[in-house]
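Below, each chain spelled out in residue letters.
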Amino acid sequence: MSLAHGRPYLAIPGPSVMPDAVLQAMHAPAPNIYEGALVEMTHGMIPDLKRVARTEHYAAIYIANGHGAWEAALSNVLNPGDKVLVPATGRFAFGWADMAEGLGLVPQIVDFGLRAPIDAARVEEVLAADTEHEIKAVLFSHVDTATSIRNDPAALRAALDSAGHPALLMADCIASLACDRFEMDAWGVDIMVAGCQKGLMTPPGLSFVFFNERAKAARDGVARVSRYWDWRPRSEPDFFYNFFGGTAPTHHLLGLRAALNILHGEGIEAVWQRHETLARTVWAACEVWAEAGALRMNIEDRGLRSHAVTALGVGFGNGAKLREWTAQNAGLTLGLGIGMASDEDPDGTGFFRIGHMGHLNAHMVLGALGVIEAGMQAVQIPHGKGALAAAAEVVAAG
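- As recorded in an unreviewed UniProt entry, the chain goes by Alanine--glyoxylate aminotransferase family protein and comes from Pseudooceanicola sediminis.
- Recorded under Sequence similarities (unreviewed entry), the UniProt text for the chain is reproduced unchanged: "Belongs to the class-V pyridoxal-phosphate-dependent aminotransferase family."
- Turning to the chain, the UniProt record has this under Cofactor (unreviewed entry): "pyridoxal 5'-phosphate".

What follows is the structure, encoded as structure tokens:
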């Protein structure tokens, strides 16, 4: 007998659960793409997007996934041959570095491993040694979705300033925007990239590049930017189609408008607090499960963990077994353990991830934790007792 029938729960770190209001908004006839309601709605969304990013400067929308936002950001401020510094804390920093290399840039990777955050002091040393200022940008992940490490943008800005280095600070907030606190202007981030399918609760297909005056000025020094990636017409459009380099992604925009209404109706500070509380709920259960020795949290220090995703190790093969059981028997899909391959576990089967981002609440999280515990019992993974009670205590305390 399977208990998976009913509404499934996709508890992966993106795409996140889509609110009914978003799906209902997208269930509409095709709108006019030249004038009228869609045009007015899109112009009105730009300030709301910037409110989520905590910036007073510029925003550009792309019909692309997060990889497209990576390329767009790089293409607007860097020339082939420019060096970029990439402090890495997991798979996605390497992905952005690879994107840079594909554009003819020269990435310098400083790898901090899979279980530690960026050491800002080490970054400052590298920048201070670059006396000719050959490094033009520092690329980093605010949250690495694979490892669940949360890095400190303000510390990186302080490192740049202390070294007296003019490089642009570029943040990947694809996994963190509208989940973890992020203050673009206050923390001195020059460029930030994000996608719509995680904290913004919209089906994959839109990405965003936010940039400040320093980044806008850097665009003037780039010899060539393709018509499609150029953020000038997108951020300051003369005509509506310039927002998107052509036809608007009509129904994604309808969904995004509904998602922004939900976020701003709750209030971004409250959204951050909800994610923090639900993350602590997950951690409370995981820390008790870990007492039996089979399960371990990838990041030990709570202060360094993402509030959107938790990465866990559970022993060779056990991650895959657990995910299969929860999906087939209880309708809960957990995240793959990506970026965790090793000689002993080349396919990363000993890891899984719990996504706790976007449109979710206490009963969803507590239900998911209950299914995970049932799955560990079913596939015989040793785990500490009392995890669900510990999670309930966090929810009760609020």
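Still more to cover.
Some details on the overall build of the chain
Piece 1. In terms of helices and strands, the chain carries 13 helices and twelve strands.
Piece 2. Its C-alpha atoms give the chain a radius of gyration of 21 Å, within 12% of the compact-globule value 21 Å for 398 residues.
Piece 3. With the C-alpha coordinates aligned to their principal axes, the bounding extent of the chain is approximately 60 × 55 × 35 Å.
Piece 4. Here the chain carries 30 positive and 43 negative side-chain charges, and the mean point of each set is 3 Å from the other.

Focus: the sheet that holds strand β1 (residues 9-11)
Piece 1. What the five strands build is an open sheet, ordered β1-β11-β12-β10-β9; its pairing is mixed. Sheet topology places β1 and β9 (296-297) at the edges, where each strand pairs with a single neighbour.
Piece 2. Note: strand β10 (residues 309-313) against strand β12 (residues 351-355), five bridges, orientation antiparallel. Each bridged residue has a counterpart across the sheet, and for Ala311 the counterpart in β12 is Arg353.
Piece 3. Against the sheet, helix α12 (residues 362-378) touches β1, β11 (332-336) and β12, its axis set at about 80 degrees to β11.

Some thoughts on the side chain of His356
Piece 1. Along the chain, His356 turns up in the loop between β12 and α12.
Piece 2. Of the polar contacts made by the side chain of His356, one reaches the backbone oxygen of His307; its length is 3.1 Å.
Piece 3. Setting aside chain neighbours within four positions, we find His356 in contact with His275, Ala279, Val282, Ser306, His307, Ala308, Val309 and Thr310.

Thoughts on the state of the cysteines
Piece 1. The final tally for this structure, using the stated rule, is zero disulfides.
Piece 2. Unpaired in this structure, Cys179 has its nearest cysteine sulfur neighbour in Cys173, at a distance of 10 Å.
Piece 3. The exposure class assigned to Cys179 is buried, which follows from its relative accessible area of 0%.
Piece 4. In this structure Cys286 is a free cysteine whose sulfur lies 17 Å from that of Cys179, the closest cysteine sulfur available.

Thoughts on the UniProt feature "modified residue: N6-(pyridoxal phosphate)lysine" (unreviewed entry) in the chain
Piece 1. Under the UniProt annotation, "modified residue: N6-(pyridoxal phosphate)lysine" (unreviewed entry) lies at Lys198.
Piece 2. Considering the arrangement of structural elements, one finds Lys198 in the loop between β7 (191-195) and β8 (207-211).
Piece 3. Ignoring anything within four residues of it in the chain, the contact list for Lys198 reads Pro13, Gly14, Ser16, Thr145, Ile174, Ala175, Met357 and Gly358.
Piece 4. A polar contact is formed between the side chain of Lys198 and the backbone oxygen of Pro13, at a distance of 2.4 Å.

Structural notes on the pairing of β7
Regular strands have side chains that alternate between both faces of the sheet.
Piece 1. The element β7 is extensively covered by neighbouring structure, given that five of its five residues are classed as buried.
Piece 2. Residues of β7 alternate between two faces, with Ile191, Val193 and Gly195 on one and Met192 and Ala194 on the opposite face, all of them buried.
Piece 3. Strand direction decides the pairing type here: strand β6 (residues 168-172) and β7, joined by three bridges, are parallel. When the bridges of β7 are listed, Asp172 appears paired with Val193.
Piece 4. Here five bridges tie β7 to β8, and the two strands are oriented antiparallel to one another. Looking at β8, one finds that Ile191 is bridged to Phe211.

Quick notes on the rules
Residues numbered from 1 in each chain as written. Predicted model: local features only at pLDDT ≥ 70, side-chain atom pairs only at ≥ 80, totals over all residues. Heavy atoms only, no water. UniProt positions renumbered as here; feature names shortened; annotations may be inferred. Helix = DSSP H or I, 4+ residues; strand = E, 2+ residues; numbered from the N terminus. Rg over C-alpha atoms; globule rule 2.2 N^0.38 Å. Lys, Arg positive; Asp, Glu negative; His and termini not counted. Charge placed at Lys NZ, Arg CZ, Asp CG, Glu CD. Pairing = 2+ DSSP bridges. Contact = heavy atoms within 4.5 Å. Axes fitted to C-alpha atoms, helices over the stretch in contact; angles between N-to-C directions. Polar contact = N/O pair within 3.5 Å; in protein donor to acceptor, adjacent residues only side chain to side chain. Disulfide = S-S within 2.5 Å. Buried < 20%, exposed > 50% of the residue type's maximum accessible area, 1.4 Å probe, protein only.

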